[in-house]
Amino acid sequence: MRSILVSLLWAWIYTTPGISFAKVLPSIKIANVPATVERISLAISDPELSSELKQMGGDHSYHISFGQITETQFTNLKVHFRKDNLNYNPKKSYTLLDFLPSKMQALMHLRLETGTRSPQELIDNPAFTSNVTRDGKVEVHSTTNCWGTAWELIRDPSANSPFIAFMTGYRNIMNYFEVPRSGMSQVKERDSIFGDLLLVFANPDRDSQLQHAAVVIGSGYFFERTDSGSATFFRIVNEKDMTGRIAKKFEEFHDFTGNIQKVTITKRFFNFSQPLPDPVGGFSAQHMLLDELQEYIVYVPHSPSRQTVTVFAQPRIGGGEEVSLYDITPFKIRINESGMGEIDPGSKGADRFKKALTNDSQCNIFLS
């Protein structure tokens, strides 16, 4: 009887969508401490979102384990990850998650469903026609993308401030990084350290050179959110995951003559010795400095909207721009009884964060 039940269990595991065995990869070293790496699956029970997730290559992450380590190795990892408030336990089997800052712990393997509202003051607004509903209301969305995520995790990775979900266009990002700033320096890849920013570019590209952003973990691994949609997770990836996905996007890139044109993927790493500004002060409609967006910002009411929304403009096929409004949404982070960071369930909109249907080497399964 027991053997039959076991057989049925394995049959269920093999045939259930989204459940697969972790793939063990070559071992690595972080802070000179050996670690094992397992590729784990990430899935969503909703068929439409699941299809979107697989299409963008966001259906996996990595479980990095250090196992039982010496006190010297423990200290090396604490220094690498700047994790001061952690005490050594010789009997504990440590993983990467133990050493990550609270915000990364809180976001790991969650996805954020996009929120939408239609404020009364933006009814029949002529500037945002691409966002107008059938009843004439303008929709304001709430989410974050790859560089919004990276920005927040570099700005303050601790639980001392909320994780702020925001969206801003690539022109705003590049406007910030192309200007020399105190405390910001571009570094070589070999000199990058935990917490540095990676920007990935595709050259040439008629619309946007900046394609992706992520935060350096170490030994070729990064923390990212793949995209801004409801199907995308916060996760650990390696360089091949990111550059491969971008290269595939441009497999049949054509120039203006119609010929297939080779696209080169390039990377730039940035280190910050001073905190990045709060998204409200850096990217809200109230403080946005790009002249080309002012024609849209004038239609956003001054109070309180201009301090709580961003204006996102991107080229539209056939000419012109598609302009959207996004809320700047804070989510509180708290420390749970295990000492791990997590999204505070009492924070407004916290129920929009959903866990992955996944498996790790211990066969832990979480339903989304």
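Because the structure is a prediction, the values reported are computed rather than measured.

Rules used in this analysis
Residues numbered from 1 in each chain as written. Predicted model: local features only at pLDDT ≥ 70, side-chain atom pairs only at ≥ 80, totals over all residues. Heavy atoms only, no water. Helix = DSSP H or I, 4+ residues; strand = E, 2+ residues; numbered from the N terminus. Buried < 20%, exposed > 50% of the residue type's maximum accessible area, 1.4 Å probe, protein only. Contact = heavy atoms within 4.5 Å. Areas by Shrake-Rupley, 256 points an atom, 1.4 Å probe, with all protein chains shown as cover. Phe/Tyr/Trp six-rings, centres within 6.5 Å; stacked < 30°, edge-to-face > 60°. Lys NZ or Arg CZ within 6 Å of the ring centre and 35° of its normal. Salt bridge = Lys/Arg side-chain N within 4 Å of Asp/Glu carboxyl O. 1 Å grid on protein atoms, 1.4 Å probe; cavity = no way out; pocket = protein on both sides within 12 Å on 5 of 7 lines; lining within 4 Å. Points joined across faces, edges and corners; volume = space filled by probe spheres on them. Nonpolar A, V, L, I, M, F, W, Y, C, P; charged D, E, K, R; others polar. Polar contact = N/O pair within 3.5 Å; in protein donor to acceptor, adjacent residues only side chain to side chain. Patch = residues over 30% accessible without salt bridge, like charges linked within 9 Å, V, L, I, M, F, W, Y side chains within 5 Å. Lys, Arg positive; Asp, Glu negative; His and termini not counted. Charge placed at Lys NZ, Arg CZ, Asp CG, Glu CD. Core = buried A, V, L, I, M, F, W, Y, C linked by side-chain atoms within 4.5 Å.

Caption draft 1: Up close: the overall build of the chain. For the chain, the count of helices and strands is eleven helices and 21 strands. Taken across its 368 residues, the chain has 50% of its residues classed as buried. Within the chain, residue pairs in contact and separated by at least 24 positions form 60% of the contacts whose partners lie at least 6 positions apart. As displayed, the chain offers around 18600 Å² of accessible surface, 51% of which is attributable to carbon and sulfur atoms.

Caption draft 2: Just the packing of aromatic side chains, in detail. Applying the stated rule across the entire model yields 20 aromatic pairs. The interplanar angle of 75 degrees and the centroid separation of 5.4 Å between the aromatic rings of Y62 and Y221 together place this pair among those described as edge-to-face. Of the two residues, Y62 sits in strand 3 (residues 60–67) while Y221 sits in strand 12 (residues 221–225), which places them 159 residues apart along the sequence. We classify Y62 as buried; its relative accessible area is 4%. Where F81 meets F194, the ring centres are 4.9 Å apart and the plane angle is 70 degrees; that geometry is what we call edge-to-face. Within this pair, whereas F81 is found in helix 3 (residues 71–81), its partner F194 is found in the loop between strand 9 (184–187) and strand 10 (197–203), the two being separated by 113 residues in sequence. Assigned by exposure class, F81 and F194 land together as buried. Grouping aromatic residues by their ring pairs yields a cluster made of F66, F74, F81, Y88, Y94, F99 and F194. Between the NZ or CZ atom of K92 and the centre of the ring of Y94, over which it lies, the distance is 5.6 Å. The positively charged end of R181 is found above the aromatic ring belonging to Y176, 3.8 Å away from the centroid.

Caption draft 3: Representation of unusual backbone geometry in the model. At R82, a residue that is not glycine, the phi angle is positive and equals roughly 55 degrees. The topology assignment puts R82 in the loop between helix 3 and strand 4 (94–95). Despite not being glycine, H109 has its phi angle at roughly 60 degrees, a positive value. Among the secondary structure elements, H109 is positioned in the loop between helix 5 (102–107) and strand 5 (110–112).

Caption draft 4: Region of interest: the pattern of salt bridges. Summed over all chains, the structure comprises nine salt bridges. Residue R245 is joined to E224 by a salt bridge in which the shortest nitrogen-to-oxygen separation is 3.5 Å. Here R245 is found in helix 8 (residues 239–249), whereas its partner E224 is found in strand 12, with 21 residues between them in sequence. The same class applies to R245 as to E224, namely buried. Between E239 and K267 there is a salt bridge; the shortest N-O distance is 2.6 Å. Note that E239 is positioned in helix 8 and K267 in strand 14 (residues 264–272), a separation of 28 residues in sequence. A cluster of three or more residues bridged by salt bridges with shared partners is formed by E189, E239 and K267.

Caption draft 5: View of empty space enclosed by the protein. Scanning the model with the defined rule gives two cavities of 30 Å³ or more in all. Here the largest cavity defines a volume of roughly 40 Å³. Of all the elements in the fold, those that place two or more residues in the lining of the largest cavity are helix 6 (146–155), helix 7 (170–177) and strand 10. Here the lining of the largest cavity takes four residues from helix 6, the largest share from any one element. When its residues are assigned to classes, the lining of the largest cavity shows nine nonpolar, no polar and no charged.

Caption draft 6: Here's a closer look at the side chain of T329. Along the polypeptide, T329 turns up in strand 17 (residues 329–331). Classification of T329 as buried rests on a relative accessible area of 13%. At a separation of 2.8 Å, a polar atom in the side chain of T329 contacts the side chain of S142.

Caption draft 7: Quick peek at the environment of M174. Assignment of secondary structure puts M174 in helix 7. Sequence separation between M174 and Q209 is 35 residues, and the spatial gap between their C-alpha atoms is 9.6 Å. Not counting residues within four places of it along the chain, the set of residues in contact with M174 comprises F201, L210 and R268.

Caption draft 8: Quick peek at a negative patch on the surface. Residues D46, E48, E52 and D227 make up a contiguous surface patch of negative charge. Of note, E48 is situated in helix 2 (residues 47–55). Residue E48 is classed as exposed on the basis of its relative accessible area, which comes to 67%.

Caption draft 9: Summary view of helix 6. With respect to burial, helix 6 is a largely interior element, ten of its ten residues being buried. Buried within helix 6 we find C146, W147, G148, T149, A150, W151, E152, L153, I154 and R155. Two or three places before G148, at the start of helix 6, stands the capping residue N145, its side-chain oxygen 3.0 Å from that residue's backbone nitrogen.

Caption draft 10: Region of the structure containing the nonpolar core. The biggest cluster of nonpolar side chains holds 61 residues, and the ones touching the most others in it are F66, F177, I217 and F223. Not counting chain neighbours up to four residues away, the residues in contact with I217 comprise H80, F81, L96, L100, M104, F194, F222, F223 and I236. Membership of the second largest hydrophobic core comes to 13 residues, among which are L198, A202, F250 and F253.

Geometric values such as these leave the question of function open.
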